[in-house]
Amino acid sequence: MDLSFALQALAALHIAAGGVEGAGGVVLPVPPGLDRRVAQLRLASVGVAIDELTPRQSDYLNKWRV
């Protein structure tokens, strides 16, 4: 639940700071960088870090995105 509230708060700040233009009345996706930042903050609070993909893993993952 804390992640949901953190993401909502940061998304609201992003919109208020002018991060989105002309979006009145529509549902907007959360920017991936914002989503990742919330995850990093939460994991850091419990002493864990997100691993980075190796170039080989990244290549494999991108092959499946059509």
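Owing to the predicted nature of the structure, the values given are computational and were not obtained by experimental measurement. (Residues numbered from 1 in each chain as written. Predicted model: local features only at pLDDT ≥ 70, side-chain atom pairs only at ≥ 80, totals over all residues. Heavy atoms only, no water.)

Draft legend 1. Representation of the overall build of the protein chain within the structure. Helix and strand counts for the protein chain stand at 3 helices and 0 strands. In the protein chain, the succession of helices and strands from N to C terminus is α-α-α. Relative to the 2.2 N^0.38 estimate, which gives 11 Å for 66 residues, the radius of gyration of the protein chain is 15 Å and therefore markedly larger than a compact globule would have. In terms of overall dimensions, the protein chain has C-alpha extents of about 40 × 35 × 20 Å along its principal axes. Expressed as a percentage of its 66 residues, the buried residues of the protein chain come to 6%. The averaged location of the 6 negative side-chain charges in the protein chain is 7 Å from the averaged location of its 6 positive side-chain charges. (Helix = DSSP H or I, 4+ residues; strand = E, 2+ residues; numbered from the N terminus. Rg over C-alpha atoms; globule rule 2.2 N^0.38 Å. Buried < 20%, exposed > 50% of the residue type's maximum accessible area, 1.4 Å probe, protein only. Lys, Arg positive; Asp, Glu negative; His and termini not counted. Charge placed at Lys NZ, Arg CZ, Asp CG, Glu CD.)

Draft legend 2. Local environment of the pattern of salt bridges. Scanning all chains against the criterion turns up 1 salt bridge. The residue glutamate 52 makes a salt bridge to arginine 36 at a minimum N-O spacing of 3.0 Å. With glutamate 52 in the loop between helix H2 (32-45) and helix H3 (55-63) and arginine 36 in helix H2, this residue pair connects regions lying 16 residues apart in the sequence. Judged by its relative accessible area of 35%, arginine 36 falls in the partly exposed class. (Salt bridge = Lys/Arg side-chain N within 4 Å of Asp/Glu carboxyl O.)

Draft legend 3. Quick peek at H2. For H2, spanning 14 residues, the distance from its first C-alpha to its last is 20 Å, which sits close to the expected 20 Å at 1.5 Å a residue. Directly after H2, the chain includes glycine 47, whose backbone phi takes a positive value near 80°. (Expected span 1.5 Å × (residues − 1).)

Draft legend 4. Seen up close, the packing of helix H1 (residues 2-19) against H2. It is the contact of H1 with H2, at a shortest axis distance of 10 Å, that shows an interaxial angle of 135°. Classed by the angle they form, the pair H1 and H2 counts as oblique. Of the two elements, H1 crosses H2, and the hand of that crossing is right-handed. Here Asp2, Leu3, Ala6, Leu7, Leu10, Ala11 and His14 of H1 come into contact with H2, specifically with Leu34, Asp35, Val38 and Arg42. (Axes fitted to C-alpha atoms, helices over the stretch in contact; angles between N-to-C directions. Parallel < 35°, antiparallel > 145°, perpendicular 65-115°, else oblique. Left-handed = near helix turned anticlockwise from the far one by under 90°. Contact = heavy atoms within 4.5 Å.)

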